[in-house]
Amino acid sequence: MIIARNLTKYYDNFLAVDHINFHVKKGEIFGFLGPNGAGKTTTVRMLSCLTKISEGEAYINGYSVRDEKVMVKKSIGVVQDVANLFGDLTVRQNLNFMAELYHVDKKRVNEVIKQFELPADKKFSKLSFGFKKRATLAAAVLHEPPVLFLDEPTVGLDVKSSRAMQKLIIELNKEGHTIFLTTHNMAIAEKLSHRLVIINRGKIVAEGTPQELKSMFTKVLKIEVTVNKVRREILEELRDFHPRAQGNTIIFSARSFQDFLDAFYPVARKYSVVVLSMNSSGANIEDVFLEVTK
Amino acid sequence: MRNVYYIAKKDFYQYFIKPATISWGIIFPIVFAMAFIIRGKGINFLAPGLIAIAAFFGATSMASTSITFERRFKEFERLILAPLKFWEIVLGKVIGSFTFGLFVSFITAFITLPFLGLYIRDPILLTLAIILSNISFSSMGVFIALIVKDPRNIMIVINSIRLPMLFLSGVFIPLSESPAILQLLSLFMPLTYAVELLRFSFTYMTFFPLWLSLIMTFAWFFIFTILSIRALEIKY
Ligand SMILES: Nc1ncnc2c1ncn2[C@@H]1O[C@H](COP(=O)(O)OP(=O)(O)OP(=O)(O)O)[C@@H](O)[C@H]1O
Ligand SMILES: [Mg+2]
């Protein structure tokens, strides 16, 4: 759905995005994770025709970003890092204007106002930050584009609005939008994306599923499980994970948390052992992030 | 063409009552008009200039305000993101400010002409002249607003272009009485041809021939529009 080949951006002599390659598949939420100044916004701007590509190529929905701009623009909806609908217009006027520019039936405006629970007759500039983001997202999906670019959609939102936004993103993905999501928030990248890349100083430094990324960088995970009773059979069946019992707590070592869980639960069920608590220490996506961006 | 209309309609609605459009686009030309009326002398000569100024300030103010506001708040990028051709964006902006300039110049004409008791020789040409000048001025405003580096400086930039033009385009001093160097300079000012056109419709007497002014007014519109489209192509 989105292909980038040696995509590069120079601002004068400053290299902001450095020959990056990636391929976003149809129906995916693709995370683009990186620290401040990594080149995330620049990449989104290149892909959405807001700034010229310096070197390399990009294709969206089969159209060349360099040469078929209007077709590319029809295929994408963009929520930029700033909420930039027209401040003097109400939410409805904004959406009506967008509906005109995208040749969308005005009925669709009412639909998204309902779907996003927007205050239709408030001026955009008078909305709270959270609603500005929602309204901008609503404008981006008005023409039901196959591809959505979301540049830091949850930044600056409180916990509740951030959750609501994440829920919307998942819903939109289920409705069939392929989503390119930039963020510097690891938890969100991990939770939302099917696959992700980590970008640092304009270069892609890691890529894979959140799971792969974590296991790639996991040294050894320590997992503490407290159970109602320790059974010898469990220790035996799970000896690959080097169990040590301390009272009602068993300490395992594993390279991947997921592998451990997959092995542990059937065994626990088999011997009717109840898990009271489980803690793991070791690599999480934050460790991966710090590791590859240092 | 539909897209052009949508953009123009939105701009007219949105910027009609902005302080910057009102002060530079309406109040400034009217104050100028008052000064003219009070002065009262050589009114036959000055009246066309008055309408030209109204068109000049009206159209350029609207164009520069609407574009620089939108550039500052990145609203302009919504237009770039939409599946529009660059010429549609440029023409939409030009026609939005053209409508405003037209409004200001006709108001100015209707308010002041009865005071001046002027005899209009050629009302049709007058109307055409007002329309053509507004078209060329709005495209000039659009171009300047698109290329100014920092949109916050637009008023300084545009006034440092508008005000000198005001004094070099034969509004106050007849071109025939200007030194040759100023006559030469005035050839490069869109305002010159607008004033000439308007003057012709009042008196049939002008410095340049009518056909030249007609062609040049249209040519300026064409040049500024092409340059604006080019500016967008270079940037995006
Ligand atoms: N218009 C510009 N002109 C010059 N340099 C720029 C411009 N825009 C961005 N940069 C530089 O390019 C680099 C990448 O910026 P970019 O905005 O893409 O980063 P980002 O990953 O989006 O960061 P953030 O998390 O802060 O949004 C930064 O060093 C930035 O200073
Ligand atoms: Mg950014």
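Preceding block: the structure.
So, here is what we can say about the structure in this document.

1. Some words on the sheet that holds strand 8 (residues 178–183) of chain A
Residues and elements named next belong to chain A. Read across the open sheet, the six strands follow the order 6-7-8-3-9-10; overall the sheet is mixed. Each having just a single partner strand, strand 6 (76–79) and strand 10 (203–208) make up the two edges of the open sheet. Across the sheet, the axes of successive neighbouring strands diverge by a mean angle of 15°, strand direction being ignored. In this structure, strand 3 (residues 29–33) lies alongside strand 9 (residues 195–200), joined through four bridges in parallel fashion. The residue of strand 9 that forms the bridge with Gly 31 is Leu 196. The strands that helix 1 (residues 40–47) touches are strand 3, strand 6, strand 7 (147–151), strand 8 and strand 9; relative to strand 8, the one it contacts most, it runs at about 150°. Across the sheet, helix 6 (residues 159–174) is in contact with strand 3, strand 7 and strand 8; its angle to strand 8 comes to roughly 155°.

2. Topic: unusual backbone geometry
Residues and elements named next belong to chain A. Phi is positive for Asp 12, close to 50°, though the residue is something other than glycine. The exposure class assigned to Asp 12 is exposed, which follows from its relative accessible area of 75%. Here His 242, not a glycine, exhibits a phi torsion of approximately 45°, which is positive. Considering the arrangement of structural elements, one finds His 242 in the loop between helix 9 (232–237) and strand 12 (244–246). For His 242, a relative accessible area of 54% gives the class exposed.

3. A closer look at the nonpolar core
Of all hydrophobic cores here, the largest spans 132 residues; its most connected members are Ile 2, Phe 22, Phe 149 and Phe 180 of chain A. Per element, the largest residue contribution to this core is twelve residues, and it comes from helix 6 (residues 123–147) of chain B. Residues contacting Phe 180 of chain A, with those up to four places away along its chain left out, are Ile 2, Phe 22, Val 24, Phe 30, Phe 32, Thr 43, Val 44, Leu 47, Leu 148, Phe 149 and Leu 150 of chain A. Core analysis: the second largest hydrophobic core is formed by 16 residues, Ile 223, Val 227, Val 267 and Val 273 of chain A among them.

4. Quick look at empty space enclosed by the protein
All names here are of chain B. In the structure shown here, the tally under the stated rule is four cavities of 30 Å³ or more. Space inside the largest cavity adds up to approximately 40 Å³. Residue lining of the largest cavity: Phe 167, Leu 168, Ser 169, Gly 170, Val 171, Phe 172, Ile 173, Leu 175, Ser 178 and Leu 182, and that is the complete set. For the lining of the largest cavity, the class distribution of residues is seven nonpolar, three polar and no charged.

Rules of the game
Going along each chain's sequence as written, the residues are numbered from 1 onward. As they are written, the chains are lettered A onward and the ligands numbered 1 onward, keeping that order. Selection of residues for local features in this predicted model requires a pLDDT of at least 70, selection of side-chain atom pairs for listing and counting requires 80 or more, and totals for whole chains, interfaces and linings are taken over all residues. Just so you know, side-chain values use all the structure's heavy atoms and leave hydrogens and water out. Should DSSP find at least two bridges between two strands, the strands are taken to pair. Working definition: helices are DSSP H or I runs of at least four residues, strands are E runs of at least two. Numbering for both runs from the N terminus. Note on geometry: axes are lines fitted to C-alpha atoms, helical ones only across the stretch in contact, with angles between N-to-C directions running from 0 to 180 degrees. Between two residues, a contact is recorded if the distance between any of their heavy atoms is within 4.5 Å. Under the scheme applied here, a residue whose accessible area is under 20% of the maximum for its type counts as buried, over 50% as exposed, and between as partly exposed, the area being computed with a 1.4 Å probe on protein chains only. Take the buried Ala, Val, Leu, Ile, Met, Phe, Trp, Tyr and Cys residues and link them wherever side-chain atoms come within 4.5 Å; each set so joined is a nonpolar core. Both site types are read off a 1 Å grid over the protein atoms alone. A 1.4 Å probe that fits but cannot get out defines a cavity, while an open set with protein on both sides within 12 Å along at least five of seven lines defines a pocket; lining residues have an atom within 4 Å of a point. Grid points are joined across faces, edges and corners, and a volume is the space filled by probe spheres set on the points. Charged means Asp, Glu, Lys or Arg here, nonpolar means Ala, Val, Leu, Ile, Met, Phe, Trp, Tyr, Cys or Pro, and polar covers whatever is left, Gly included.

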